[in-house]
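# Examination of the molecular architecture
Here is how the chains run, residue by residue.
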Amino acid sequence: MRASRGFWGATAVVATAALLLTACGGGGSGENKGSGATDANAAVSVYGTEPENSLIPANTNELGGSKALKPVFSALVGYKADTAEPYNLMAESITTTDSKVFDIKIKKGWKFHDGTEVKAKNFVDAWNYSANGKNGMQNASFFEQIQGYDEISAKEPAVKEMSGLKVVNDYEFQVTLKGPFSVFSTKIGYLAFAPLPDKFFADPEAFAKAPIGNGPLKFVSRTPNQNMKLTRFEEYQGEDKVKFKDLEVRIYTSQETAYQDLLSNRLDFMEALPPAAKAGGKYKTDLGERLVEGKLLGISALALPYYVPGYNNLDLRKAISLAIDREQIVKTVMNDTYAPADGYVSRGIEGYRPGICEYCEFDPVKAKEFFAKSGYTGKLTIASNADGGRKEPLVAACNSIKNALGVECDFVPATDFGQWRSIVNNRQLTGMGRSDWAADYPSIENYLNPRYKSTGSSNDSTYNNPAVDALLTQADQTADKAAAIKLYQQAEDLIAKDLPQIPVWEEKGVGGKSNRLKTVKLDFGRLADYASIEVAAK
Amino acid sequence: MSQYILRRLLQLIPVFFGTTFLIYALVWAVPGDPFAGKCGQVACPPAYIEMMTAKFNLDDSIFVQYFKYLGNLFTGDWGETFNGVSVGELIGNAYPVTVRLALIAVAIEAIIGLSAGILTGLRGKGFLDNLVLMSTTFLISIPVFVTAIVLQIVLGSELGLIDASVSEDATIGELIVPGIALGSLSMAYIARLTRTSIAENRHADYVRTAVAKGQPRSRVVGVHLLRNSVIPVLTFIGTDIGALMGGAIVTEGVFNINGIGGLIFRGIQNREGATVTGVVVLLVMVYLLVSLTVDLLYAVLDPRIRYD
């Protein structure tokens, strides 16, 4: 009996934690307008999970850590909560003539929470530190376009600074890239590009225990596994000021418990709902107008690895894609928390075109024809980590394929996200594999380069098409943004023809708020847009 | 007696090394890369992996790793988690809450379980006996996570008597409902154990003698009968204290209590050997000391038991 106690506990916690681990990003907004006055001195609590890494911007790329750090740091560029459109936040201006040399002026009079002024060198020093191989930051590769990155990111770097970074004066610095990269000015809104105060460099470890930033909220205290407390930074200059006073990121071991707290208004915001609340669409009646819907920037797909025998077959790819009834699965299995995907880029991203994936419609008749043509015999498999609600839609996809093609299809579970990613990264898939992507920053480039370039960091199907590589490289190097997007689209067209991955669905982003909150929006990265939070006055 | 205690304390040493090594090896020797899922959908940069590997001595053999860990442990350094928090601090935050929770659970199960057991054991078959039999069977058959969630939803969300989660301070009042959930299973066992034990001893010679001597009933039951009957129950409660410390994973998870159970679970999940080993060292100590105390109590309760 004692064994069953541990076992069930383990299952429950694994499921929750894995759900959080795998949920890394996406985009959009949900809004509930209330009426009446706003309490500017209210305290707000949001659902949180324990950060996976030390609290340094360049070492934080998962939701738990981002939730605490995002409001503490303001980068050069911010993204609008509704549209994910970038705007100058700390930057006064970002100018370039060739998309290779960027001249960045920062706003004057901004302060870090310790009272020191934010100067150009705070950015340059922070970027050099983060890219330095010696410091082993998780997000180091975000700086890869900058000239001198290759030298500094080495194991024992001989240099301490990237040659592409130059401080012009206190409020201006210049960034030279290895080659033109038109998306750079959008990319630098990512948390890793935040400035760091001088205090950081004296003792990074102490800093990680009590980070000092330049954002709308400042760090107050942290009890590991319990909570993180932040409070409004009164001297904050940015336009994303917060309209409440204190923020508590409360760490929960179980999403279910957090949901119970949300329903009884003891917790103010949750950006995700537990599987039990989603089952049968229960969340809709539970939450009513307290439901917060967003538009995450991310996409779920099935990777068909070229290295698996039999899968390197275009007709088979087409057959599988046509055999999946996306509409039906999204509605019945995912309870409307996802929408069917029809391309390789999320809706709402500049450059998105509807219906790019011509084989993403459900058409069992055509599917059967292609399957017959492919000559494939044997069983099909879809592999994924099975926890956190990943299994059910994929089992449904398998059934859909089975019914349409009359072929055996099995779901192959992996124990957890870590094991799952090591299977994919070590190229040990034996069939199809779940391949989800959450955008780091809102740009069409971020959907294509990592996933479909032959050298891409997340190219799970080992796709290699020199024409696509060439187009992507050319697009990266095109200074004119509109022209660059055209080139990215051309690459996407080629990808859609090859079907290295089968797009299946996109997560909408469904959360909930307490009835104390008048407004809150969910941003594209599945975080609360803190600037949009308003608490009703009592 | 003192020799016996000394011998028992010396036995702690091999047990300590044995368990810690086993746990350490089990956590770190699990196949697979602890950093595989760390960076999301993308593989982690080599510089990061190298730094973490060096920091946690993962390149060394498991024995070298273990001795390095022990070396640090003896200087009072419990190590760090992957996110740079000291394990000592984590345990320091977590154990007072868990101790409080475990004590509440033990108090609840001892008081209710013992009284139900004594009452039914003395009276024998009847309505009360059947009632206790049925309710304990019911409690034994439902897993703790069901009890906990039902209590949470009914008393919390439906009736609004308690909060769904326990606050930062985790006061005694807040811990009573989680304590009931945690102790419910053992409560049922204690009731049954006590009942059987009392029912058996009721007809023992020494009870008959006491009654024949004309001792009042309260003294016969309270001193002669109970003192002897409680020995097996005591063994159970003793080991249960250890089990409650470590086994509170579910209850702590449901009520969001930041205790030892959650800590050990997260540690296993994130493959943080330092956390898991640290907590297990603590639990082993608790188990050993509690069972030593229980053994010593035997002698006090039953003069026939001697340790020479």
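Residues numbered from 1 in each chain as written. Chains lettered and ligands numbered in written order. Predicted model: local features only at pLDDT ≥ 70, side-chain atom pairs only at ≥ 80, totals over all residues. Heavy atoms only, no water.

### Details of the nonpolar core
Applicable threshold: Put simply, buried Ala, Val, Leu, Ile, Met, Phe, Trp, Tyr and Cys residues joined by side-chain atoms within 4.5 Å make one nonpolar core. The buried label goes to any residue with under 20% of its type's maximum accessible area, the exposed label to any with over 50%, and the partly exposed label to all in between, with areas taken from a 1.4 Å probe on protein chains only. Two residues form a contact once any of their heavy atoms are found within 4.5 Å.
One finds L76 and W127 of chain A to be the most contacted residues of the largest nonpolar core, which totals 144 residues. Excluding residues within four positions of it along the chain, L76 of chain A makes contact with Y87, N88, L89, M90, A91, I104, I106, F123, W127, F173 and I188 of chain A. In terms of nonpolar packing, the next biggest core, distinct from the first, is built from 71 residues, Y48, L70, L73 and A105 of chain B among them.

### Quick look at helix α14 (residues 391-405) of chain A
All names here are of chain A. Applied cut-off: Here a strand is any run of E in DSSP of at least two residues, a helix any run of H or I of at least four, and the numbering for each starts at the N terminus. To estimate the expected span of a helix, subtract one from its residue number and multiply by 1.5 Å.
For α14, which comprises 15 residues, the first-to-last C-alpha distance of 21 Å matches the rise-based estimate of 21 Å (1.5 Å per residue) to within 8%. Within α14, burial applies to P393, L394, A396, A397, C398, S400, I401, A404 and L405. Taken from the residues just after α14, G406 is the one with a positive phi, measuring 65°.

### Details of helix α15 (residues 417-425) of chain A
Every buried residue of α15 of chain A is accounted for by F417, W420, R421, S422, I423 and V424 of chain A. Positive backbone phi, approximately 55°, marks R427 of chain A, located one or two places after α15 of chain A.

### A look at the sheet that holds strand β16 (residues 409-414) of chain A
All names here are of chain A. Put simply, the rule is: At least two bridges found by DSSP between two strands is the condition for calling them paired. For helices, the fitted line uses only the C-alpha atoms of the stretch in contact; every axis is such a line through C-alpha atoms, and the angle between N-to-C directions lies from 0 to 180 degrees.
Spatially, β14-β18-β13-β17-β15-β16 is the arrangement adopted by the six strands of the open sheet, whose pairing is mixed. Strands at the two margins of the open sheet, each flanked by one partner only, are β14 (338-340) and β16. Looking at each pair of strands side by side, their axes are set apart by 30° on average, direction ignored. Bridging between strand β13 (residues 298-303) and strand β17 (residues 432-438) involves six bridges; their strand directions are antiparallel. The partner of L302 across the bridge, within β17, is R434. In the packing of helix α16 (residues 445-452) onto the sheet, the strands contacted are β13, β17 and β18 (501-507), and the crossing angle to β17 comes to about 145°.

### Things to note about the sheet that holds strand β6 (residues 165-169) of chain A
All names here are of chain A. Pairing is antiparallel in the open sheet, where four strands are placed in the order β4-β5-β7-β6. Two strands bound the open sheet, and with one partner strand each, they are β4 (91-96) and β6. Going from strand to strand, the sheet's axes swing by 20° on average, the running direction of each strand aside. By the bridge criterion, five bridges tie β4 to strand β5 (residues 101-106) in an arrangement that is antiparallel. Pairing of A91 across the sheet is with I106, part of β5. Against the sheet, helix α3 (residues 120-131) engages β5, β6 and β7 (172-176), with an angle of about 170° to β6.

### Considering the side chain of S130 of chain A
Residues and elements named next belong to chain A. What counts is decided by this rule: Two N or O atoms form a polar contact when they lie within 3.5 Å of each other; inside protein one atom must be a possible hydrogen donor and the other a possible acceptor, and for residues adjacent in sequence the pair counts only when both atoms belong to side chains.
Counting through the fold element by element, S130 comes out in helix α3. For S130, the side chain forms a polar contact with the main-chain oxygen of A126, separated by 2.8 Å. When sequence neighbours within four positions are dropped, the list of residues in contact with S130 reads A58, M137, A140, F143 and A192.

### Digging into the interface of chain B and chain A
A common measure of how large an interface is: the accessible area buried when the components associate. Here is the rule we go by: Once two parts are joined, some of their accessible surface, as seen by a 1.4 Å probe, is lost; buried area is that loss totalled over both. Residue polarity follows a fixed list, in which Ala, Val, Leu, Ile, Met, Phe, Trp, Tyr, Cys and Pro are nonpolar, Asp, Glu, Lys and Arg are charged, and the others, Gly among them, are polar.
Each side of the interface is counted separately: chain B has 54 residues, and chain A has 55 residues. Here chain B and chain A share an interface that buries about 4500 Å² over both sides, 51% of which is from carbon and sulfur atoms. For chain B, the biggest contributors to the area lost against chain A are Q41, N83 and E168 of chain B; these three give 16% of the whole. Counting across the interface, chain B meets chain A through 16 residue pairs in polar contact (both at pLDDT 80 or more). Mapped by element, the contributors of at least two residues to the side of chain B that touches chain A are α2 (46-55), α4 (87-123), α6 (144-158), α7 (172-201), α9 (217-247), α10 (249-254) and α11 (260-269) of chain B. Considered class by class, the residues forming the side of chain B that touches chain A number 29 nonpolar, 16 polar and nine charged.

### Digging into the packing of α4 of chain B against helix α12 (residues 273-301) of chain B
All names here are of chain B. Test applied: Throughout this description, any angle smaller than 35 degrees is read as roughly parallel, any larger than 145 degrees as roughly antiparallel, any in the 65 to 115 degree range as roughly perpendicular, and the remainder as oblique. Note: crossing handedness is left-handed where the near helix turns anticlockwise from the far helix by less than a right angle, and right-handed where it turns clockwise.
Interaxial distance between α4 and α12 falls to 10 Å at its minimum, and their mutual angle equals 50°. Between α4 and α12, the crossing angle belongs to the class labelled oblique. Where α4 crosses over α12, the handedness of that crossing is right-handed. Residues V87, I91 and Y95 of α4 form the contact with α12, whose participating residues are A274, T275, G278, V279 and L282. Taken together, the residues of the contact of α4 with α12 break down into six nonpolar, two polar and no charged.

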